[in-house]
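# Coordinate inspection notes
Spelled out from the first residue to the last, the chains are:
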Amino acid sequence: FLAETERQVERHLQSHLERLPAADLASRAIVEQMKHEEAQHADSAVDRGAATLPYPARLAMRLAARLMTRTAHYL
């Protein structure tokens, strides 16, 4: 679960990078560092024996995260 969460956060941060202006170097550096750290956390979990979740579980996590993100946008 931990490794998959970190991977999904890493993809989420990538989407932020794609929307940030290229000239906003400070914000890009912060998000890049966060993305790098999330990848390290995922790799560390795998190194310690984390198993790959089945696709339905990964999909459910992704959908739940999307729901929370969209709900937070409106709050």
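Residues numbered from 1 in each chain as written. Predicted model: local features only at pLDDT ≥ 70, side-chain atom pairs only at ≥ 80, totals over all residues. Heavy atoms only, no water.

What follows covers the overall build of the chain. Along the chain, the regular secondary structure elements total three helices and zero strands. For the chain, the N- to C-terminal ordering of α and β elements is α-α-α. With respect to the three principal axes, the spread of C-alpha positions in the chain is 40 × 30 × 15 Å. Taking all contacts inside the chain whose residues are at least 6 apart in sequence as the whole, residues at least 24 apart take part in 61%. On the chain, roughly 5,600 Å² of surface is accessible, and the fraction owed to carbon and sulfur atoms is 62%. (Helix = DSSP H or I, 4+ residues; strand = E, 2+ residues; numbered from the N terminus. Contact = heavy atoms within 4.5 Å. Areas by Shrake-Rupley, 256 points an atom, 1.4 Å probe, with all protein chains shown as cover.)

Our focus in this paragraph is the environment of Ala42. Secondary-structure assignment places Ala42 in helix α2 (residues 25-47). Classification of Ala42 as buried rests on a relative accessible area of 0%. Here the alpha-carbon distance between Ala42 and Leu2, two residues 40 residues apart in the chain, equals 7.0 Å. Apart from the residues lying within four places of it in its own chain, the contact partners of Ala42 are Ala3, Glu6 and Arg7. (Buried < 20%, exposed > 50% of the residue type's maximum accessible area, 1.4 Å probe, protein only.)

Moving on to the side chain of Glu6. Topologically, Glu6 is positioned in helix α1 (residues 2-19). This buried residue, Glu6, is left without a salt bridge; Arg7 holds the nearest opposite charge, at 8.5 Å. Discounting residues that sit within four places of it in the chain, Glu6 has contacts with Glu38, His41 and Ala42. (Lys, Arg positive; Asp, Glu negative; His and termini not counted. Salt bridge = Lys/Arg side-chain N within 4 Å of Asp/Glu carboxyl O.)

What follows covers the packing of α1 against helix α3 (residues 55-74). One way to put it is that α1 packs onto α3 with a least axis distance of 11 Å and a crossing angle of 50 degrees. Here α1 lies oblique to α3, going by the angle between them. In terms of crossing hand, the pair formed by α1 and α3 is right-handed. Taken together, the residues of α3 that come into contact with α1 (itself represented by Glu4, Thr5, Gln8, Arg11 and His12) are Arg58, Met61, Arg62 and Thr69. (Axes fitted to C-alpha atoms, helices over the stretch in contact; angles between N-to-C directions. Parallel < 35°, antiparallel > 145°, perpendicular 65-115°, else oblique. Left-handed = near helix turned anticlockwise from the far one by under 90°.)

As a further point, take the packing of α1 against α2. Axis separation between α1 and α2 bottoms out at 8 Å; the angle between their running directions is 160 degrees. Put simply, α1 runs roughly antiparallel to α2. Judged by the sense of rotation from one axis to the other, the crossing of α1 with α2 is left-handed. Residue-level inspection shows Leu2, Ala3, Glu6, Arg7, Val9, Glu10, Leu13, Gln14, His16 and Leu17 of α1 in contact with α2, the latter providing Arg28, Val31, Glu32, Met34, Lys35, Glu38, Ala39, His41, Ala42, Asp43, Ala45 and Val46. Within the contact of α1 with α2, the residues separate by chemical class into eleven nonpolar, three polar and eight charged. (Nonpolar A, V, L, I, M, F, W, Y, C, P; charged D, E, K, R; others polar.)

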